[in-house]
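Here is what each chain is made of, one letter per residue.
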Amino acid sequence: MKFLCVQCDEAMKITETKGPEDGSLAVVFGCPTCRRQVAMLTNPMETQMVRSLDVKIGGQQAPHDPMAFVRSSLAVKREEVPSPSEPSPTGLGCPFTSIANSAFERQGLIGGAIWTEEAAERLNNIPSFVRSWAQRGIEQYARENGCQRITVEVMEEARQRFGM
Amino acid sequence: MKTYGDIPGDAGSDVLGQVNAQQERLRARMARIHAKVAVLSGKGGVGKSVIVANLAAAFAEGGLRVGVLDADINGPSLGKMLGVRGQRLAFETAGVQPALGPLGIRVLSMDLFLPSDETPVLWTGPTEGGGYLWRGAMEAATLREFLADTEWGELDMLLLDLPPGTDRIPSLLSLLPELHGIVIVTLPSQVSQLIVAKSVTMAKEIVKAPILGLVENMAAHRCAHCGAEEALFAGEDSAQMAERLAIPFLGRVPFDPVLTRCADEGTPVLLSHPTAPAAQALSRIAAKIGEALHRAPALAEAKESP
């Protein structure tokens with residue numbers, strides 16, 4: 001399944017996933033050009049269909065864990081059968097969300113804006129306690145100035161503008 | 001406006017790449033197994049699993065390294081028949097170490113994941129609704145994981161015990177296109193033969209799978225007192241049926257209470273009562289399968305030729 005921004009004639013990318021909550025998975029797609037977003041909301045049966053295919057929405061990043069599908073899918077299993085080790089960097093415990101978010105970052109899409117690889121690397125070099133503040137300021141500068149992508153040059157302009 | 005084919009890849013999930021990675025893991029694991037043989041019927045209750053347990057014992061006794069995969073996800077019984085239900089699976093990075101049955105037979109069954117006799121296979125999920133749509137996919141993914149993620153090691157033979165259903169053959173072949181052969185089990189009853197004939201057609205005509213032969217189970221009952229044999233069913237002679245369907249006939253296994261008692265006790269009759277008529281019949285059938293497997297490359301080549 002692919003999503004197309006009709007206005008821009010541009011393929012949309014996954015920017016965020018949420019859930020599953022109450023059996024529903026939300027997958028948000030964004031247009032890289034106009035940043036318009038749409039969300040695909042699944043009903044419980046559709047969520048289960050996706051799950052039964054043993055593929056990860058947003059891409060598989062975790063190293064292969066033997067029989068992770070069976071172990072995570074059985075409602076009742078022996079005590080000694082361990083649960084699979086799913087990475088959960090967000091602490092939300094949801095493989096759909098964490099993996100999708102990781103994929104999102106890998107593509108250079110951070111917080112709904114498009115960052116070049118070089119710019120994203122530079123953002124990561126900013127001390128963590130001011131990083132989110134700097135990110136919001138740079139993205140605001142990019143939006144106000146019609147920048148489609150956040151490059152190192154845009155970062156530098158924003159830095160000069162805000163005196164960062 | 002762009003069409004589906006104009007857009008490379010997907011929106012970031014790389015589903016195709018994930019599926020390819022799954023298949024590659026399966027291919028790499030199966031490459032270390034010389035012969036993969038499926039035992040099926042199409043019809044339930046014909047004694048496939050007890051035949052599988054004893055064929056595995058026969059091959060292991062012959063010095064082969066044997067693995068058994070209980071592909072009956074919802075009705076697993078091989079764990080009990082091979083006496084491994086109490087064993088714990090070891091989950092390691094390279095794969096899951098299977099249970100070890102008699103003569104070192106490596107066994108993987110859903111039974112080894114379930115906590116009690118009464119526990120059925122229940123899947124986590126937000127709904128039981130539409131189960132007819134997604135349960136098949138869950139079972140297929142489970143079977144793929146059982147094949148690909150079990151640390152079978154180097155094996156001479158992997159026997160797969162398939163659940164009832166003529167649709168199991170194409171499903172298995174889509175996972176294991178290099179399957180070396182299929183053994184089909186029937187009872188000498190008209191009802192069983194009616195379904196089994198469909199399985200033969202599916203295997204032979206539709207998916208062109210190599211059939212090693214037909215086994216007749218519960219062929220006749222021998223009186224423990226006078227030794228007289230009495231037919232239990234009134235179907236077509238299975239040897240004639242095999243001839244009619246143009247497949248090899250591998251032999252008959254007599255109905256023998258010792259066979260079922262041994263299955264309940266978790267010991268193949270072939271090991272505990274090697275002189276029992278059923279044990280001897282199973283030994284002869286295993287020998288014929290071994291002979292047929294020597295011809296398997298020719299079967300595989302025939303499958304590839306136009």
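Cut-offs and rules
Residues numbered from 1 in each chain as written. Chains lettered and ligands numbered in written order. Predicted model: local features only at pLDDT ≥ 70, side-chain atom pairs only at ≥ 80, totals over all residues. Helix = DSSP H or I, 4+ residues; strand = E, 2+ residues; numbered from the N terminus. Buried ≥ 20, exposed ≤ 12 C-beta atoms within 10 Å, placed from the backbone. Contact = placed C-beta atoms within 7 Å. pLDDT = per-residue confidence, 0-100. Nonpolar A, V, L, I, M, F, W, Y, C, P; charged D, E, K, R; others polar. Pairing = 2+ DSSP bridges. Arc of directions from axis to C-beta. Core = buried A, V, L, I, M, F, W, Y, C linked by C-beta atoms within 7 Å. Axes fitted to C-alpha atoms, helices over the stretch in contact; angles between N-to-C directions. Parallel < 35°, antiparallel > 145°, perpendicular 65-115°, else oblique. Left-handed = near helix turned anticlockwise from the far one by under 90°.

Engineer: Account for the overall build of chain B, with residues named and values stated.
Structural biologist: Secondary structure assignment for chain B yields eleven helices and eleven strands. Structurally, chain B occupies a C-alpha span of about 80 × 45 × 40 Å along its principal axes. Within chain B, the proportion of its 306 residues that are buried is 45%. Considering only contacts in chain B between residues 6 or more positions apart, those separated by 24 or more positions represent 77%.

Engineer: Hey, could you go over the confidence of the model for chain B for me, with residue numbers and the actual values?
Structural biologist: The share of residues in chain B with pLDDT of 70 or more is 94%, and the mean pLDDT across the chain is 89. Predicted confidence is poor over residues 298-303 of chain B, with pLDDT under 50, and the contacts of this stretch with residues over four places away or in other chains come to four contacts.

Engineer: Explain the interface of chain A and chain B to me, using residue names and the numbers behind them.
Structural biologist: Chain A puts 43 residues into the contact, and the matching count from chain B is 38 residues. Secondary structure elements with two or more residues in the side of chain A that touches chain B: strand 3 (13-21), helix 1 (44-52) and helix 2 (68-73) of chain A. A per-element tally of the side of chain A that touches chain B places helix 1 of chain A first, with seven residues. Looking at the side of chain A that touches chain B, its residues break down into 24 nonpolar, ten polar and nine charged.

Engineer: Before we move on, could you go through the environment of Leu26 of chain B and cite the residues and values that matter?
Structural biologist: Residues and elements named next belong to chain B. Positionally, Leu26 belongs in helix 1 (residues 15-30). Linking Leu26 and Val253, residues 227 residues apart in sequence, is a C-alpha distance of 34 Å. Excluding residues that lie within four positions of it along the chain, Leu26 makes contacts with Arg144, Leu147, Ala148 and Leu175.

Engineer: Account for the confidence of the model for chain A, with residues named and values stated.
Structural biologist: Residue and element names in this part refer to chain A. Residues of chain A with pLDDT of at least 70 account for 78%, and the chain-wide mean is 76. Here helix 3 (residues 95-106) stands out as the least confident element of chain A, with mean pLDDT 40; strand 1 (residues 4-5) is the most confident, with 94. Within the model, pLDDT remains below 50 along residues 86-111, and this stretch shows 57 contacts once partners closer than five positions in the same chain are excluded.

Engineer: How would you sum up the pairing of strand 2 (residues 66-70) of chain B? Please name residues and give values.
Structural biologist: Residues and elements named next belong to chain B. Most of strand 2 is tucked away, with five of its five residues classed as buried. Both faces of strand 2 are covered, namely the face carrying Val66, Val68 and Asp70 and the face carrying Gly67 and Leu69. Alignment of strand 2 against strand 7 (residues 155-161), held across five bridges, turns out to be parallel. For Gly67, the partnering residue across the bridge sits in strand 7 and is Leu158. Relative to strand 6 (residues 106-108), strand 2 is paired through three bridges, and the arrangement is parallel. Bridged to Val68 within strand 6 is Val107.

Engineer: Can you lay out helix 1 of chain A for me, pointing to particular residues and giving the numbers?
Structural biologist: Those residues of helix 1 of chain A lying buried are Thr47, Gln48, Val50, Arg51 and Ser52 of chain A. Buried residues belonging to helix 1 of chain A abut strand 3 and strand 4 (24-30) of chain A together with helix 4 (131-149) of chain B. Asp54 of chain A occupies a position one or two residues after helix 1 of chain A and carries a positive phi of about 55°.

Engineer: How would you sum up helix 5 (residues 168-175) of chain B? Please name residues and give values.
Structural biologist: All names here are of chain B. Restricting attention to buried positions, one finds in helix 5 the residues Arg168, Ile169 and Leu172. Summarising the axial view, the buried residues of helix 5 lie within an arc of 95°, below the 170-degree limit, and thus occupy one face. Buried residues in helix 5 make contact with strand 1 (33-40) and helix 6 (190-206).

Engineer: I'd like a rundown of the nonpolar core, residues and numbers included.
Structural biologist: By size, the foremost hydrophobic cluster in this structure holds 89 residues, and its most contacted members are Val39, Leu55, Ala56, Val68, Leu159, Val183 and Leu282 of chain B. The element best represented in this core is helix 2 (residues 48-61) of chain B, accounting for ten residues. Contact partners of Leu159 of chain B, with chain neighbours within four places excluded, come to Val37, Val39, Val52, Leu55, Ala56, Val66 and Val68 of chain B. The next biggest cluster of nonpolar side chains, apart from the first, holds eleven residues, and it includes Cys5, Ala11, Val27 and Val50 of chain A.

Engineer: I'd love a proper account of the sheet that holds strand 5 (residues 37-41) of chain A, names of residues and values included.
Structural biologist: Residues and elements named next belong to chain A. Reading across the sheet, the three strands line up as 3-4-5 and stay open at both edges, with antiparallel pairing between neighbours. Looking at which strands have only one partner, the edges of the open sheet turn out to be strand 3 and strand 5. Neighbouring strand axes in the sheet, compared pairwise and without regard to direction, differ in orientation by 15° on average. As judged from the six bridges shared by strand 3 and strand 4, these two strands associate in the antiparallel manner. Bridging across to strand 4, Ile14 finds its partner in Phe29.

Engineer: Mind laying out the packing of helix 1 of chain A against helix 4 of chain B, listing which residues take part and the relevant values?
Structural biologist: With their axes 8 Å apart at the nearest point, helix 1 of chain A and helix 4 of chain B run at an angle of 20° to one another. With respect to helix 4 of chain B, the element helix 1 of chain A is oriented roughly parallel. The chirality of how helix 1 of chain A crosses helix 4 of chain B is left-handed. Note on element contacts: helix 4 of chain B touches helix 1 of chain A through Leu133, Trp134, Ala137, Met138 and Ala141 of chain B, opposite Met45, Gln48, Met49 and Ser52 of chain A.

Engineer: Outline the packing of helix 2 of chain B against helix 10 (residues 277-294) of chain B, supporting the account with residue identities and numerical values.
Structural biologist: Residues and elements named next belong to chain B. Where helix 2 meets helix 10, the axes come as close as 9 Å, and the angle between the chain directions of the two elements is 70°. Taken together, the axes of helix 2 and helix 10 are roughly perpendicular relative to one another. The two elements helix 2 and helix 10 cross, and the hand of that crossing is right-handed. Facing Asn54, Leu55, Ala58 and Phe59 of helix 2, the residues of helix 10 in contact are Leu282, Ser283, Ala286 and Ile289. Split into classes, the residues belonging to the contact of helix 2 with helix 10 amount to six nonpolar, two polar and no charged.

Engineer: Could you give an account of the environment of Ala35 of chain B, naming the residues involved and the relevant values?
Structural biologist: By the secondary structure assignment, Ala35 of chain B is in strand 1. Measuring from C-alpha to C-alpha, the distance between Ala35 of chain B and Val19 of chain B comes to 24 Å, with 16 residues separating the pair along the chain.

Engineer: Hey, could you go over the pairing of strand 9 (residues 211-222) of chain B for me, with residue numbers and the actual values?
Structural biologist: Residue and element names in this part refer to chain B. Bridge analysis of strand 8 (residues 181-186) against strand 9 gives five bridges, and the strand direction is parallel. What sits directly across from Ile182, in strand 9, is Ile211. Where strand 9 and strand 11 (residues 249-255) come together, five bridges link them in parallel fashion. Bridge pairing in strand 11 places His221 opposite Phe255. The sheet contact formed by strand 9 and strand 10 (residues 229-231) spans three bridges and is antiparallel. When the sheet's bridge partners are listed, Arg222 is paired in strand 10 with Glu229. Adjacent in sequence and paired antiparallel, strand 9 and strand 10 are bridged by six residues, among which Gly227 carries a positive phi angle near 80°.

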